[in-house]
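Coordinate inspection notes
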Amino acid sequence: MAEHREIRAGWPLFEVFVRSKRGLNHVHVGSLRAADAEMALRHARDLYTRRNEGVSIWVVKSSDIAASSPDEKDPFFAPSADKVYRHPTFYDIPEHVPHM
Amino acid sequence: MSTTTPEPSLEQHFEDVIARDQRIEPRDWMPDGYRKTLIRQVAQHAHSEIIGMQPEANWITRAPSLRRKAILLAKVQDEAGHGLYLYSAAETLGADRTELTENLIESRQKYSSIFNYPTLGFADVGVIGWLVDGAAICNQVPLCRSSFGPYARGMVRICKEESFHQRQGYELLMTMMGGTEDQRRMVQDATNRWWWPSLMMFGPPDHNSPNTAQSMAWKIKRHTNDELRQRFVDMTVPQAEALGVTLPDPELRWNDERGHYDFGEIDWAEFTQVIAGNGPCNTQRLAQRRRAHEDGAWVRDAAAAYAAKHAAKHAGKHAGDR
Ligand SMILES: [Fe+2]
Ligand SMILES: [Fe+2]
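I will try to describe carefully the structure that is included in this document. Positions within a chain are numbered from 1, following the residues in the order the chain's sequence is written. Naming scheme: in the order in which they are written, chains are lettered from A and ligands are numbered from 1. Local features are withheld for residues below a pLDDT of 70 in this predicted model, meaning they are given only at 70 or higher, and side-chain atom pairs are given and counted only at 80 or more; totals for whole chains, interfaces and linings count all residues. Only hydrogens and water are set aside when side-chain values are computed; all heavy atoms of the structure are taken into account.

What follows concerns the pairing of strand 2 (residues 26–33) of chain A. All names here are of chain A. Of the pairings in the sheet, the one linking strand 1 (residues 13–19) to strand 2 comprises seven bridges and is antiparallel in character. Looking at strand 2, one finds that Val-18 is bridged to Val-27. At least two bridges found by DSSP between two strands is the condition for calling them paired. Helix and strand assignments come from DSSP, with helices taken as H or I runs of at least 4 residues and strands as E runs of at least 2, each series counted from the N terminus. The hairpin formed by strand 1 and strand 2 contains six residues between the paired strands, and Gly-23 there has a positive phi angle of roughly 95°.

What follows is the structure, given as C-alpha cells:
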C-alpha cells in the first residue's frame, strides 16, 4: 500500500493545450496523468489529437499553473469589466460606413 | 470542502450563474451536494466508457476483415479516450484518479448496466454501435449543455466522436443484411438481445428516479430519463425499418395522439439485478478491469522510477546554472 502511495505521488497531473491550426493560440483541452513531461506529450497526442485536432501541443504540470479565480466577482477582473471602451461595440458608427 | 455555512452571497452567486444558463467552473464556490452529485455522475460515466471497451474488444482479434478490425480498434480506443476525458473532468472537482479506479474495481461506484451483457457474435458489434452508442448519443448530446463547464466540454468532445461509432455499427449491419440468410438471422438475434438492455440505459423511470429533480434544477441533467428514452425509441424505429429488422416488442406502435411511439413495459426487475451485480457478465468485467490494473502496476512503477531518476540527473546538471 505504501508503494501505491508512492506511485500516486509519482504520476503528476498535466494540463494539455493544443494549437488546432496555424495562426491560432494554444487552447486548454483537458488534463492527463503521466510520469513526466515527455510521456505527457505522447499521451496528449493519443488522447487529444486522434483526429488531427492539433498541430502543436503544450503540456504543463498542473501544480505549476498560477491562476486567478475565474469567478467574475473576483476583483482581479474588475479593471477589464470597467473598460467597456476596449470593446468595439462601445462605439456608434453610422450604418452607411462600410467594412467597420 | 468545508461544510460551514457559506456566505449567502456565494450561494446566491452560484444560483445566479445557473439561472443565467452560464457554466460553473472548477474554482467557483458550489454547494457540497452539487459537487458530490457531479463526482458520482461523472465517475460513473467514466467507468462506463472504460468497462465499455470490453464487450467489443472481445471481437477485435476475430473481426472478419482488416477493415473491420481497424475500425473496431479505433472505436475501442475512442472509448478509452472518453473515459480519460471524464476522469479529467472528475479531477477538476477534487476527485483523485487512482481512487476512482479503485472505487470501480472495489464496486464502490457503478457503471452502465448495458456492459454486463455478452457479445455472442460479430453482429453484436454492429448492434452495439447502432443501439448502445445511439442511446449514448441521446443521453450525451443534452449533457453538452450541462452546467458544469469541464463536464460539458468533455461531452462536446465525446459527442463529436460518437457519430462515427453509431454509423460504423449501422453500416456493418447493413452489410450483413445484404449477405446470407444466416447473417440476417445473426443481426435479428443480436437486435433481440440488445434492444431491451439499450432502453434500460436511460435509467429507472421518472417516478422512480429520486435524484432527477435536483439534478435538473442544477442543470446537471437537462431531460428526464423517460423523455430521453422516448426520444431514442422515436429515432430508432425508422432505422430498424430501413435495416429490415424487427424490434422485439409487440406493443411497439405509433401513437398519433401523442406523436410518439408507444412501447412495452421494461423488465425493471432485470435492470435491478444487473445493477446489483448479478447480470450475465458483471463478475467477468470487473475481474478483467482489476487484472489490467494490477498487471500494469510494474509499468507505472517503472515509469515513475525512470522519471524520478531523470529529474534528479537533470537537477544535478543544471544546479550550477542558477
Ligand atoms: Fe463513448
Ligand atoms: Fe461510443
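Right, let's talk about the sheet that holds strand 1 of chain A for a bit. Residue and element names in this part refer to chain A. Judged by pairing direction, the sheet is antiparallel, and its three strands sit side by side in the order 2-1-3 without closing on themselves. Since the sheet does not close on itself, it has two edges, and those belong to strand 2 and strand 3 (56–61), each with one partner. Across this sheet, the average inter-strand angle for adjacent strands is 25°, counted without regard to direction. Fitted lines through C-alpha atoms serve as axes, helices being fitted only where they are in contact, and the angles separating the N-to-C directions of these axes extend from 0 to 180 degrees.

What follows covers the packing of aromatic side chains. All names here are of chain B. Under the pairing criterion, centres of Phe, Tyr and Trp rings, with the six-membered ring standing for Trp, must be within 6.5 Å; the plane angle then separates stacked pairs below 30 degrees from edge-to-face pairs above 60, leaving the rest tilted. One pass over the structure, following the stated rule, counts 12 aromatic pairs over all chains. When the ring of Trp-130 is compared with that of Tyr-170, the centres are 5.9 Å apart and the planes differ by 70°; the resulting orientation is edge-to-face. Remark: Tyr-170 occurs in helix 7 (residues 149–177) and Trp-130 occurs in helix 6 (residues 122–140); sequence separation between them is 40 residues. Each member of the pair, Trp-130 together with Tyr-170, is buried. With a centroid separation of 5.0 Å and an interplanar angle of 75°, the aromatic rings of Trp-254 and Tyr-261 are classed as edge-to-face. Throughout this description, buried means an accessible area under 20% of the type-specific maximum (1.4 Å probe, protein chains only), exposed means over 50%, and partly exposed covers the range between.

Below, the discussion takes up the coordination of the iron ion (ligand 1). Residue and element names in this part refer to chain B. Any nitrogen, oxygen or sulfur atom within 2.8 Å of a metal ion counts as a donor, with the limit raised to 3.2 Å for Na, K and Ca, and since water is left out, coordination shells can look unfinished. For the iron ion (ligand 1), every protein donor is listed as Glu-49 (OE), Glu-79 (OE), His-82 (ND1) and Glu-162 (OE), and the spread of their distances is 2.1 to 2.6 Å. Around the iron ion (ligand 1), the four donor atoms are arranged such that angles at the metal cover 83 to 149°; this shape is classified as irregular. Expressed as a motif, the donor residue spacing for the iron ion (ligand 1) is E-x29-E-x2-H-x79-E. A separation of 3.3 Å is found between the iron ion (ligand 1) and the iron ion (ligand 2), both of which receive a donor from Glu-79. Pair noted here: Glu-49 is in helix 2 (residues 32–51) and Glu-162 is in helix 7, with a separation of 113 residues, a long-range link. Per residue, the accessibility class of Glu-49 equals that of Glu-162, and both read buried. Sites are called tetrahedral only when four donors show all angles between 85 and 135 degrees, square planar or octahedral only when four or six donors show opposite pairs over 155 degrees and all other angles between 65 and 115, and irregular in any remaining case.

All names here are of chain B. Take the number of residues in a helix, subtract one, and multiply by 1.5 Å to get its expected span. The end-to-end C-alpha separation of helix 12 (residues 282–295) is 20 Å, in line with the 20 Å expected for 14 residues at 1.5 Å each. Among all positions in helix 12, only Asn-282, Arg-285, Leu-286, Arg-289 and His-293 are buried. Within helix 12, the buried residues cover an arc of 90° as seen down the axis, which keeps them to one side. Every exposed residue of helix 12 that faces more than 90 degrees away from the buried side is listed here: Thr-283 and Asp-295. Taken from the helix axis, the directions to the C-beta atoms give the arc we talk about.

All right, on to the interface of chain A and chain B then. Between two residues, a contact is recorded if the distance between any of their heavy atoms is within 4.5 Å. With 27 residues of chain A at the contact, the number on the chain B side is 28 residues. Computed with a 1.4 Å rolling probe, the buried area is the accessible surface lost when two parts are put together, summed over both parts. Both sides of the chain A and chain B interface together cover about 2,300 Å² of buried area, and 47% of this is carbon and sulfur. Any Lys or Arg side-chain nitrogen found within 4 Å of a carboxyl oxygen on Asp or Glu counts as a salt bridge. One can count five salt bridges joining chain A with chain B. The shortest N-O distance in the salt bridge between B:Asp78 and A:Arg51 comes to 2.5 Å.

Residue and element names in this part refer to chain B. Cysteine sulfur atoms are paired as a disulfide whenever they fall within 2.5 Å. A complete count under the given rule lists zero disulfides over all chains for this structure. Not part of a disulfide, Cys-138 finds its nearest cysteine sulfur in Cys-159, a span of 10 Å. Taking the relative accessible area as the measure of exposure, Cys-138 reaches 5% and is therefore buried.

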